[in-house]
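Summary of the model geometry
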Amino acid sequence: MSDFAKVKKTHVAVIGGGIIGVCCASLLLREGFAVTIVEPDEIANGSSFGNAGCFNPSSVVPMSMPGNLSKVPGWLLDPLGPLSIRWAYLPRIAPWLLRFLKAGSRVEVEKQAAALGSLLRDSPGLYLPLVENAGARDLMRRDGHLMAYRSRLDFEADAFAWQLRARNGIEYSVLENEALWQHEPALSRDYRLGVFLPGNGHTVNPQSFVRALASAFVRDGGHVRRAQVQDFDLVDGRLVGLRTDNGFLAADRAVVAAGARSRQLALKLGDAVPLDTERGYHVVISNPESSPRQPVLDTFGKFVATPMETGLRIAGTVEFAGLDAAPDWRRARNLLKLGQRLFPGLKDSYPDSRLSLWMGFRPSMPDSLPVIGHSRRSRDVVHAFGHGHIGMAAGACTGHLVTDLIAGTTPRLSVEAFSPQRFG
Ligand SMILES: Cc1cc2nc3c(=O)[nH]c(=O)nc-3n(C[C@H](O)[C@H](O)[C@H](O)COP(=O)(O)OP(=O)(O)OC[C@H]3O[C@@H](n4cnc5c(N)ncnc54)[C@H](O)[C@@H]3O)c2cc1C
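Rules and cut-offs
Residues numbered from 1 in each chain as written. Predicted model: local features only at pLDDT ≥ 70, side-chain atom pairs only at ≥ 80, totals over all residues. Heavy atoms only, no water. Axes fitted to C-alpha atoms, helices over the stretch in contact; angles between N-to-C directions. Helix = DSSP H or I, 4+ residues; strand = E, 2+ residues; numbered from the N terminus. Left-handed = near helix turned anticlockwise from the far one by under 90°. Contact = heavy atoms within 4.5 Å. Nonpolar A, V, L, I, M, F, W, Y, C, P; charged D, E, K, R; others polar. Expected span 1.5 Å × (residues − 1). Bend = angle between axes of the 7 residues up to and from the residue. Buried < 20%, exposed > 50% of the residue type's maximum accessible area, 1.4 Å probe, protein only. Disulfide = S-S within 2.5 Å. Polar contact = N/O pair within 3.5 Å; in protein donor to acceptor, adjacent residues only side chain to side chain. Domains from an automatic or database assignment. Buried area = accessible area lost by both parts, 1.4 Å probe. Salt bridge = Lys/Arg side-chain N within 4 Å of Asp/Glu carboxyl O. Near = heavy atom within 4 Å.

**A closer look at the packing of helix α7 (residues 123-133) against helix α11 (residues 206-219)**
Remark: α7 packs on α11, axes separated minimally by 9 Å, with the N-to-C direction vectors making an angle of 65°. Here α7 runs over α11; the crossing is left-handed. Listed contacts from α11 to Y127, L130, V131 and N133 of α7 are F209, L213, A216 and R219. Classifying every residue of the contact of α7 with α11 gives six nonpolar, one polar and one charged.

Have a look at this one:
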């Protein structure tokens, strides 16, 4: 064995086997670290399982936008509306909601959009080396994305969002009436204007996509340990290892990528981050009678319909109810009705044997920006969570930034906007 091979590699434990953890682990391994993913469940069984699968650089528009507050009562009153709150959870989520509203000023939104723009730039292209290494090209499409409006008036009401996209380098073209319907024949003629975003991509199976990357990680020498991390052992600010429900794991560095469950772990490292969850739902119709050519976002209903290998997935909505409340499956079934409005070729109802329903926990920060940066108590631990609506799109870039931080090199992009300490 050469002297070089005898040098002990720095061991990095990546906490969480969702898209973020798997991307971080894969890129750290490629950089020459010894890497273990620590995950209590199967890989990609969390939020990364059932999302709409979009790799969208165009998602630079934060969730809290000027003027949103006036729309909230209408959204809450509409049973098919995009937003719901379990009232028992209101006292818990109230501080988060206040921060969310504060984040929605024009000045803040411009800053958030610029930070998201840098994180999401060429999202599909950044994935390519990982996807090719995993032999998973068949799971990835670069067909663009369509945002559908019912009228030009509705489109014009979104002018600020389109200015943000244009200012952040997002290309798009506006299609109206016949041109739109020719572009997307499945679309209802009630939608008269569409915006096509050619730079966006998607996966036809988010779970298989993440698992393919994870299999390549193991094939290339990475490890996966079935355990739930409970605490960090630090000595004089240096990481010694992780305490888990399956014993102690010695580690020189760690990455916290536990999605919506990262808050408690961050707290143990001195970072009180306002992470909560925006629960979302999906319904998949197998062998749909009608399906779009590319993912379509209904700008009114705020849901996405993505053609997947398992059928047509209609995914979206935001529900504030925390991590413990049971799913409200009516919200997933409502997506079916909304999907039928978008694509009238679909049926009014389906037997349960043709449907699958899912609920997942978006790990959401009130300013729509993820948390990427060193922990307060130890520079050996790097946070990588809070990606909200953009975790699939931001996975590869987050993995690169985390690798830079763990390696101690200057991150390729400024991570200041994502600082874990930005809330004080
Ligand atoms: C309906 C819906 C549609 C969406 N559509 C899109 C989309 O089109 N495009 C997009 O970019 N994003 C989308 N998202 C968001 C995206 O799914 C998330 O941002 C992303 O999956 C978050 O990934 P993650 O790895 O941080 O979390 P997760 O996938 O939830 O993974 C976290 C993992 O950490 C593990 N874990 C938790 N606690 C511990 C612990 N103590 N120790 C060890 N492991 C632990 C969990 O078991 C889990 O496997 C959507 C989300 C929803 C709900």
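Further notes follow.
**Side note on helix α14 (residues 391-407)**
Relative to the 24 Å expected for 17 residues at 1.5 Å per residue, α14 spans 23 Å between its end C-alpha atoms, a close match to the ideal helical length. Residue C397 marks the point of greatest curvature in α14, where the axis turns by about 35°. α14 sits mainly inside the fold: 16 of its 17 residues count as buried. The first or second residue beyond α14 is G408, which carries a positive phi of 80°.

**Side note on the state of the cysteines**
Taken as a whole and judged by the stated rule, the model has zero disulfides. Free cysteine C24: the closest other cysteine sulfur is in C23, separated by 7.0 Å. C54 takes part in no disulfide bond, and the closest cysteine sulfur to it belongs to C23, at a distance of 16 Å. Looking at C54, the relative accessible area reads 14%, which means it is buried.

**With respect to the side chain of T244**
Positionally, T244 belongs in strand β12 (residues 238-244). There is a polar contact of 2.6 Å between the side chain of T244 and the backbone oxygen of G247. When near neighbours in sequence (up to four residues on either side) are disregarded, T244 contacts A227, Q228, V229 and Q230.

**Things to note about the domain arrangement of the protein chain**
Here the domain parsing of the protein chain yields domain 1 (3-48 + 208-274 + 368-418) and domain 2 (60-120 + 138-201 + 275-364). Computed from C-alpha atoms alone, the centre-to-centre distance between domain 1 and domain 2 is 29 Å. Across the contact, 30 residues belong to domain 1 and 25 residues belong to domain 2. Interface area, domain 1 with domain 2, both sides summed: about 2,200 Å², of which 70% is carbon and sulfur. Taken together, domain 1 and domain 2 are joined by zero salt bridges. Between the two partners, domain 1 and domain 2, sit nine residue pairs in polar contact (both at pLDDT 80 or more). Only α11, α12 (262-268) and α14 provide two or more residues apiece to the side of domain 1 that touches domain 2. Examining the composition of the side of domain 1 that touches domain 2, we find that five residues originate from one element, α14, more than from any other. When grouped by side-chain class, the residues that make up the side of domain 1 that touches domain 2 number 17 nonpolar, 11 polar and two charged.

**Focus on the site of the ligand**
Taken together, 36 residues lie near the ligand, and E39, S48, G388, M392 and A393 sit nearest. Within the backbone of C54, an N or O atom sits 2.9 Å from a nitrogen atom of the ligand. Between the ligand and V229, the relevant distance is 2.9 Å, taken from a nitrogen atom to a main-chain nitrogen or oxygen of the residue. Those elements that place two or more of their residues in the shell around the ligand are α2 (19-30), α3 (47-50), β15 (276-285), β19 (355-364) and α14. For the shell around the ligand, the class distribution of residues is 18 nonpolar, 15 polar and three charged. When residues of the shell around the ligand are sorted by domain, at least three fall in each of domain 1 (3-48 + 208-274 + 368-418) and domain 2 (60-120 + 138-201 + 275-364).

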